[in-house]
Amino acid sequence: MLKKHRKDTILVIEDEADVLRFVCRVLALEGFDVLEAGNSEEGLELVRRHKCALVLLDLRLPGKDGWLVLERMKSETSLQGIPVIVFTASAGTQQRARALSMGAVDYLVKPLSAADIRDSVTSVVKL
Amino acid sequence: MAKDSHPFYEVYEMKDEDKGKAELIGELVQMRKRIVELEKIEAESKHLERKTTEYEELSKLKSGLLSTVSHELRTPLASIKGYSTMLLDYDKRLRRTEKRQYLDAIDAATDRLSELIDHLLDMSRMDAGLLQLDMVVTRVDRLLQDMVAEAQLRVPEYRLRLDLERGELPPLKVDIRRFHQVLDNLLDNATKYSEKGTDVVIRVETRACEVEISITDQGRGIPSADIGRVFDRMYRIEQRLAQDPGGMGLGLALCKALVEAQGGRIWLESKEGIGTTVRFTLPVGTGEELLHAEEAS
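A.B. asks: Help me understand the overall build of chain B in this model?
C.D. replies: What chain B contains, in helices and strands, is 7 helices and 7 strands. Across the 297 residues that make up chain B, the buried fraction comes to 24%. For chain B, restricting intrachain contacts to residue pairs at least 6 apart in sequence, the fraction spanning at least 24 positions comes to 70%.

So this is what it looks like as structure tokens:
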């Protein structure tokens with residue numbers, strides 16, 4: 001567990017308030033700057049406006065779902081380089097393959113522990 | 001017996017012309033038989049087609065159901081796992097008040113999980129015809145007041161108002177636990193889809209041989225296209241809308257099954273942006289039945 005302030009900004013897009021609070025708090029405790037969005041539109045707006053080092057994205061979002069965010073991020077030149085870790089409550093292998101083929105760097109299945117978040121994030125955003 | 005004196009039929013010599021006709025009639029009869037057979041085969045094949053479609057729909061429903069159930073069960077689990085590992089990993093860095101909040105969230109998620117499991121079990125019990133009701137004839141005035149007071153404690157942000165008729169209600173023939181479950185479920189829905197600070201009115205009216213209980217909220221209402229399907233199992237409108245409060249879509253289906261099992265009916269009226277009123281009826285018990293029940297207890 002690292003207390004050093006990394007100054008990297010991570011955006012978390014998740015509609016479940018409890019999960020959003022938990023993920024954001026773990027990231028903050030790990031020293032990241034955290035932005036949070038409860039739906040895809042808000043998420044896309046934030047990622048376009050801020051310089052994010054990483055996006056954590058829930059695939060099942062109300063309205064336009066997380067798949068659309070992933071697709072947009074990988075098709076917009078200014079966003080293409082930002083790594084995306086997706087998480088979802090569906091453990092389906094097809095979904096995992098689809099997400100990875102669309103450019104996600106990791107696919108996490110809920111329920112997630114604090115360590116799952118920490119390990120996945122620190123493997124992508126290096127010190 | 002002479003040819004012309006037979007009492008039932010006449011026998012006469014067939015002419016060639018008649019023979020031709022008879023053959024034609026024979027062929028027609030055969031053809032008709034074949035048509036009937038073909039029609040039977042066609043009907044059978046249509047029946048099979050229908051069965052296949054039904055099976056396909058059922059199979060689609062089943063996989064949809066599995067995915068919904070898996071998602072709904074994992075959601076509270078996600079809170080429990082997340083908060084508990086956070087409490088374990090960062091114990092020394094979290095303030096006491098923050099820890100308390102996480103413990104409360106774990107507690108609420110556990111309740112949600114156990115409620116989901118109860119709903120699923122009730123549904124499958126009902127499907128298997130194993131749901132047992134414990135019907136009693138009882139007075140519900142006090143019971144209703146207690147139920148509403150208890151629900152009010154769960155949702156202090158809303159104003160629950162019980163509107164009972166003057167005088168005593170007639171005794172009802174109900175399964176008290178299931179009646180409680182239906183009312184709780186409907187009250188949960190009424191608050192779940194309404195803004196905090198709004199009113200929820202529970203009105204009880206006596207009809208000829210039944211009592212009608214209605215729950216009226218000032219919530220977002222149900223789109224008219226969806227009203228006919230809200231009592232269907234796993235039917236959820238919110239999945240495609242923003243700010244989905246979550247759920248499996250079992251609540252109303254379960255209420256319907258439970259109300260009907262107790263001999264009542266359930267329906268609703270709703271206007272988008274104005275609110276929803278869910279009404280259900282329960283049969284009235286006779287004074288004699290009440291007397292018996294009181295003597296027995």
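Right, picking up where we left off after that structure.
A.B. asks: When you look at the overall build of chain A in this model, what are you seeing that I'm missing?
C.D. replies: For chain A, the helix and strand inventory stands at 5 helices and 5 strands. Per-residue burial over chain A gives 42% buried out of 127 residues.

A.B. asks: How should I be thinking about the packing of helix α4 (residues 176-192) of chain B against helix α6 (residues 251-261) of chain B in this particular structure?
C.D. replies: When two helices pack together, their arrangement is given by the angle between the helix axes and by the axis-to-axis distance. Residue and element names in this part refer to chain B. Across the interface, α4 lies against α6 with an axial gap of 10 Å and an inter-helix angle of 150 degrees. Relative to α6, the element α4 lies roughly antiparallel. Note that α4 runs across α6; the crossing there is left-handed. Residues R178, Q181, V182, N185, L186 and N189 of α4 touch α6, and the partners they reach there are G251, L254, C255, L258 and V259. Grouping the amino acids of the contact of α4 with α6 by side-chain chemistry returns 6 nonpolar, 4 polar and 1 charged.

A.B. asks: Explain the sheet that holds strand β7 (residues 275-283) of chain B to me, please; I cannot follow it from the model alone.
C.D. replies: One key point about sheets: their strands pair by backbone hydrogen bonds, in either a parallel or an antiparallel sense. All names here are of chain B. Read from one edge of the open sheet, 5 strands run β2-β4-β5-β7-β6, paired in mixed fashion. Of all the strands in the sheet, just β2 (159-163) and β6 (266-271) have a single pairing partner and so form its edges. Across the sheet, the axes of successive neighbouring strands diverge by a mean angle of 15 degrees, strand direction being ignored. Looking at chain direction, β2 and strand β4 (residues 199-206) are connected through 5 bridges and run parallel. Considered in β4, the bridge of R161 is made with V201.

A.B. asks: Sorry if this is basic, but what is going on with the interface of chain B and chain A here?
C.D. replies: How big an interface is tends to be stated in terms of accessible area lost as the parts join. On the side of chain A, 20 residues touch chain B, which itself brings 23 residues to the contact. Going through the elements one at a time, α1 (16-89) and α2 (96-127) of chain B are the ones with two or more residues in the side of chain B that touches chain A. Top contributing element to the side of chain B that touches chain A by residue count: α1(B), with 15 residues. Looking at the side of chain B that touches chain A, its residues break down into 10 nonpolar, 8 polar and 5 charged.

A.B. asks: Would you take a moment to explain the nonpolar core for this structure?
C.D. replies: For soluble globular proteins, the rule of thumb is that nonpolar side chains tend to be buried together. Counting residues in each nonpolar core, the largest one holds 43 residues, and the members touching the most others are A:I10, A:L11, A:V23, A:V55, A:L56, A:L57 and A:V86. At 6 residues, the largest contribution of residues to this core is made by helix α1 (residues 17-29) of chain A. Every residue in contact with A:V86, bar those within four places of it in the chain, is listed here: A:L57, A:L59, A:G66, A:L70, A:A99, A:A104 and A:Y107. B:Y158, B:L183, B:A190 and B:F280 belong to the second largest nonpolar core, which has 32 residues in total.

A.B. asks: Hey, could you run me through the sheet that holds strand β2 (residues 33-37) of chain A in this one?
C.D. replies: All names here are of chain A. Spatially, the 5 strands line up as an open sheet ordered β2-β1-β3-β4-β5, and their pairing is parallel. Edge positions in the open sheet fall to β2 and β5 (106-109), since each of these has one partner strand only. Neighbour-to-neighbour, the strand axes of the sheet open up by a mean angle of 20 degrees, direction not taken into account. Packing against the sheet, helix α3 (residues 66-75) makes contact with β1 (9-13), β3 (54-58) and β4 (84-88), and its axis sits at approximately 150 degrees to β3.

A.B. asks: Honestly, the packing of helix α2 (residues 40-49) of chain A against α3(A) in this entry has me stumped. Any pointers?
C.D. replies: Residue and element names in this part refer to chain A. One way to put it is that α2 packs onto α3 with a least axis distance of 9 Å and a crossing angle of 25 degrees. When the interaxial angle is binned, α2 and α3 end up roughly parallel. Relative to α3, the crossing made by α2 is right-handed. On α3, the residues that touch S40, G43, L44 and V47 of α2 are G66, L68, V69, R72 and M73. Partitioned by chemical class, the residues of the contact of α2 with α3 number 5 nonpolar, 3 polar and 1 charged.

A.B. asks: When you look at the pairing of β1(A) in this model, what are you seeing that I'm missing?
C.D. replies: On any regular strand, side chains alternate: one points to one face of the sheet, the next to the other face. Residue and element names in this part refer to chain A. A large share of β1 lies buried, amounting to 4 of its 5 residues. Two strands pair when backbone bridges link them, and β1 and β2 are joined in this way by 5 bridges, in the parallel orientation. Bridging from a neighbouring strand, L11 pairs with L35 of β2. Running through α1, the crossover from β1 to the neighbouring parallel element β2 is right-handed. Judged from the 4 bridges that link them, β1 and β3 form a sheet pairing that is parallel. Considered in β3, the bridge of I13 is made with L57.

A.B. asks: In this structure, what is going on with α1(A)? I would like to understand it.
C.D. replies: Owing to its 3.6 residues per turn, the α-helix brings residues three or four apart onto one side. Residue and element names in this part refer to chain A. For α1, built from 13 residues, the straight-helix expectation of 18 Å at 1.5 Å per residue is met to within 8% by its first-to-last C-alpha distance of 18 Å. Residues D18, V19, R21, F22, V23, C24, R25, V26 and L27 constitute the buried set of α1. Following α1 by one or two positions, G31 adopts a phi angle in the positive range, close to 95 degrees.

A.B. asks: Whenever I open this one, the pairing of β4(A) confuses me. Can you help?
C.D. replies: Residues and elements named next belong to chain A. In terms of residue burial, β4 counts as a mostly covered element, since 5 of its 5 residues are buried. Alternating positions in β4 separate into two faces, V84, V86 and T88 on one and I85 and F87 on the other, with burial throughout. A crossover links β3 with its parallel partner β4, the connecting element being α3, and its sense is right-handed. Handedness of the β4-helix α4 (residues 93-101)-β5 crossover: right-handed.

Thresholds, definitions, all that
Residues numbered from 1 in each chain as written. Chains lettered and ligands numbered in written order. Predicted model: local features only at pLDDT ≥ 70, side-chain atom pairs only at ≥ 80, totals over all residues. Helix = DSSP H or I, 4+ residues; strand = E, 2+ residues; numbered from the N terminus. Buried ≥ 20, exposed ≤ 12 C-beta atoms within 10 Å, placed from the backbone. Contact = placed C-beta atoms within 7 Å. Axes fitted to C-alpha atoms, helices over the stretch in contact; angles between N-to-C directions. Parallel < 35°, antiparallel > 145°, perpendicular 65-115°, else oblique. Left-handed = near helix turned anticlockwise from the far one by under 90°. Nonpolar A, V, L, I, M, F, W, Y, C, P; charged D, E, K, R; others polar. Pairing = 2+ DSSP bridges. Core = buried A, V, L, I, M, F, W, Y, C linked by C-beta atoms within 7 Å. Right-handed = clockwise from strand over helix to strand, strands pointing away. Expected span 1.5 Å × (residues − 1).

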